[in-house]
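# Residue-level structure breakdown
Read off the chains here:
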Amino acid sequence: MGARPLRSASAEARRLLVEAASQKLGVPPEQLRVEDGVVSAVSDPSKKASYAELIGGRYFNHKVEWNKQTGNPMDIKVPAKVKPPSEYRVVGKSYVRRDLPGRYTAPRST
């Protein structure tokens, strides 16, 4: 249950970044695509902006409506739609955790 508000918040952040790219690139949002944190025009891939360029180290400071509950019942309402599972590229996939060996084989200081 706790993943639902996180998915909604992520979708809203993506929506805001695509809107910012739309303004920066002069391309309507529906004519943009996002891949690996880069927003580009479908018709002209040379028109692009990375998420890092768009947010520029700032905070979003974007308010969302929430149901005033904490824990698992918490939920938020945002204009953005979450991705359907059929479009997932990472969620639900197995990846090698390259960070784990160092976590359990690193020498301990006493």
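You'll find the structure just up there.
These lines cover the structure that appears in this document, whether it is placed above or below. (Residues numbered from 1 in each chain as written. Predicted model: local features only at pLDDT ≥ 70, side-chain atom pairs only at ≥ 80, totals over all residues. Heavy atoms only, no water.)

### Quick look at the sheet that holds strand S1 (residues 32–35)
Think of a sheet as strands paired side by side through backbone hydrogen bonds, with each pair either parallel or antiparallel. The strand order across the open sheet built from 3 strands is S1-S2-S3, with neighbouring strands paired in antiparallel fashion. In this open sheet, the two edge strands, each paired with only one partner strand, are S1 and strand S3 (48–50). Across the sheet, the mean angle separating the axes of adjacent strands is 20° when strand polarity is ignored. Pairing of S1 with strand S2 (residues 38–41), which is carried by 4 bridges, proceeds in the antiparallel orientation. Looking at the pairing, Leu32 lines up with Ala41 of S2. Against the sheet, helix H1 (residues 3–25) engages S1, S2 and S3, with an angle of about 125° to S1. (Pairing = 2+ DSSP bridges. Helix = DSSP H or I, 4+ residues; strand = E, 2+ residues; numbered from the N terminus. Axes fitted to C-alpha atoms, helices over the stretch in contact; angles between N-to-C directions. Contact = heavy atoms within 4.5 Å.)

Distances and angles like these do not, on their own, reveal function.
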